[in-house]
Structures are given as C-alpha cells and as structure tokens.
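One letter stands for each residue in the lines below.
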Amino acid sequence: MTINSVGIIGAGTMGNGIAQACAVVGLKVTMVDINEAAVNKGIATVSGSLDRLIKKEKLTAEQKAAAMALIQGSTDYADLQGADIVIEAATENHALKIKILQLLDEALPPETLVATNTSSISITQLAAVTKRAERFIGMHFFNPVPMMALVEIIRGLQTSDATHDAVKELALRLGKSPITVRNAPGFVVNRILVPMINEAFFVLAEGLASAEDIDAGMKLGCNQPIGPLALADMVGLDVCLAVMEVYLKEFGDSKYRPCPLLKEMVAAGRLGRKTGRGVYSY
C-alpha cells in the first residue's frame, strides 16, 4: 500500500510539525483540531516554519506555496475520509486518545490505516479499542518534527506486516530514519530519556548544582546538544510527568517515581516554554 494522503488529529506542536513534513514531500494533508482557532494557529505555525527555511535558503518561495496548498484544516472528522492514513497527535492522555480512536472508527472506511504519535501509551491496548487492530500502529515522531530524523515505528501485538511496511515506507518518504520497536512503555528513546530528565530534577531538588550547571554538565560531559532541564522545558513538564506516571503504573517499579519537584512545578502551572516559565523563564 502506498500512502499519498495523510490525516492528522491535532494541530499543536507535533501535529503541525507532521503536517509540514508530509506537505513538503508532496503528500496531501488534512489537519483536524477541536476549533478553527487551533487549526488556523497550526497552519500559521507551518507557514512561519517554512518562511524560516526560505531565509536559510533551504526552501524556495515556490516550494513553500506548493506545500501550503496541500494542507487543509478542518474541525470535522468526516473530512478525513479520503486519507490513506490518519495520525493521531493529540495530548498524551490515555482517555482522550481512546475517545479519538473510537471517533475515527466511526468516521473512516475500514481500510484506512491509523497511527498514534503516543510517546508512552501501549499500542496493543490502544489497538484493542479500535475496529482495525491489524491496521493500527505507533508512529512516534520527535520534536521538532521537521528537523528530527528519527521515527519509532511501534508494532502492537495485532499490527499486520502490511501495516508496518506501509508506515515504514511513509517514514522513509518523509526523509526520516525509522526504527522498528516492540511495544513496551516508553518504547526505546523515551524509556531511557525521560527517567534521565526525572533524575535531573532530583539533582536540582537536592541542591547538588544549579539548573544551569546541571545542563552545562550534561552538554559538556555527555555531548548532549541540550541539557535535560532545558529539554524538559521544551517538551513540557506536564508531558514528562505524565510519561513517568505511566512507567510507574505499568512497571510497578519505584525507580520510575516522578520527582516531587517536577510534580510541584506542574501543579504550579510552570510547564516550560509553552507557559513562559518552567525550570527557566522565557
């Protein structure tokens, strides 16, 4: 199966990034969110991102116009009926994702593939609530989507070989470097990364070093392009907390307990870049 048209649920950071990645390689995109304001903001974000590529001479104005013409915004799931695959890129909330997947089952033809961009939730469990478990898969992009090469392709217990192969082909068409991962909480990258971020919060809470020095230490000592606390601000402290809570629940191992400082900062609404304040102020 060759994928030529893509539906996306969610026009936020991940959704509009996926939309951009698809449109620039000539795929038709329909991006759906809960209201027109969210959809318009997502489309505007793509436009601004492409403008920056033009300034860097990595894209022409004509290429931008062609990409933008391929992106349609909507608030109606019915507009996804022509898509070969729909990628769910909503907030990392289990109940919300189940609701969306059930709505997609009602709106889409049975042959349409459905992928989720979840960073931690079981693909097998999500597939089980759909009527298309064999045609359901995890397609985990990394932020910022247009720049990051990796896509984790996660097979649930039910995922067919044909679905896996079609999604891998799509990832390659987007210019990504896919890796195939077996279903497990956090998959590969976040299974290692988010506990590291959580540990950085423990180090900060214990006063071993300042946030700036913790990040400098990891950048200079481990050759990381960004420190773990600055990365947490970029990802969203609420997302980091949600992932750790999934690990703690699924593995039942106390080593995955969220740092109390992380929990307190989320409770205070200090979620990182998206709220203007997290570990750092923006």
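Going by the annotation in an unreviewed UniProt entry, the name recorded for the protein is 3-hydroxybutyryl-CoA dehydrogenase, with Sphaerotilus microaerophilus given as the source organism. Per its UniProt entry, the protein bears the Sequence similarities (unreviewed entry) comment "Belongs to the 3-hydroxyacyl-CoA dehydrogenase family."

Chemist: Would you take a moment to explain the UniProt feature "domain: 3-hydroxyacyl-CoA dehydrogenase NAD binding" (unreviewed entry) in the protein for this structure?
Modeler: Mapped onto this numbering, the UniProt entry gives "domain: 3-hydroxyacyl-CoA dehydrogenase NAD binding" (unreviewed entry) at residues 6-183. With 41% helix and 22% strand, residues 6-183 has end C-alpha atoms that lie 23 Å from one another.

Chemist: It is not clear to me how a nonpolar patch on the surface should be interpreted in this structure. Could you clarify?
Modeler: A contiguous nonpolar patch, built from Ile179, Val188 and Ile192 and spanning about 250 Å² of accessible area, is present on the exposed surface. Structurally, valine 188 is set in the loop between β8 (177-182) and α7 (189-205). For valine 188, a relative accessible area of 36% translates into the label partly exposed.

Chemist: What am I meant to see in the sheet that holds strand β7 (residues 150-155) here?
Modeler: Pairing between the strands of a sheet comes from backbone hydrogen bonds, and it takes one of two forms, parallel or antiparallel. The strand order across the open sheet built from eight strands is β3-β2-β1-β4-β5-β6-β7-β8, with neighbouring strands paired in mixed fashion. The sheet terminates laterally at β3 (71-74) and β8, the two strands that pair on one side only. In this sheet, adjacent strand axes meet at a mean angle of 25° when their direction is disregarded. Judged from the four bridges that link them, strand β6 (residues 136-141) and β7 form a sheet pairing that is antiparallel. Opposite methionine 139, over in β7, you have isoleucine 153 as the bridge partner. Set on the sheet, helix α1 (residues 13-23) makes contact with β1 (5-9), β2 (28-32), β3, β4 (85-88) and β6; between it and β2 the angle comes to about 170°.

Chemist: Explain the packing of α7 against helix α8 (residues 211-222) to me, please; I cannot follow it from the model alone.
Modeler: Where α7 meets α8, the closest approach of the two axes is 10 Å, and the angle between their N-to-C directions is 140°. It follows that α7 is oblique to α8 by the angle criterion. In this structure, the crossing between α7 and α8 has a hand that is right-handed. Contact residues: α7 offers Met196, Ala200, Val203 and Leu204, while α8 offers Ala211, Ile214 and Met218. Its residues placed into classes, the contact of α7 with α8 shows seven nonpolar, no polar and no charged.

Definitions and cut-offs
Residues numbered from 1 in each chain as written. Predicted model: local features only at pLDDT ≥ 70, side-chain atom pairs only at ≥ 80, totals over all residues. Heavy atoms only, no water. UniProt positions renumbered as here; feature names shortened; annotations may be inferred. Helix = DSSP H or I, 4+ residues; strand = E, 2+ residues; numbered from the N terminus. Patch = residues over 30% accessible without salt bridge, like charges linked within 9 Å, V, L, I, M, F, W, Y side chains within 5 Å. Areas by Shrake-Rupley, 256 points an atom, 1.4 Å probe, with all protein chains shown as cover. Salt bridge = Lys/Arg side-chain N within 4 Å of Asp/Glu carboxyl O. Buried < 20%, exposed > 50% of the residue type's maximum accessible area, 1.4 Å probe, protein only. Pairing = 2+ DSSP bridges. Axes fitted to C-alpha atoms, helices over the stretch in contact; angles between N-to-C directions. Contact = heavy atoms within 4.5 Å. Parallel < 35°, antiparallel > 145°, perpendicular 65-115°, else oblique. Left-handed = near helix turned anticlockwise from the far one by under 90°. Nonpolar A, V, L, I, M, F, W, Y, C, P; charged D, E, K, R; others polar.

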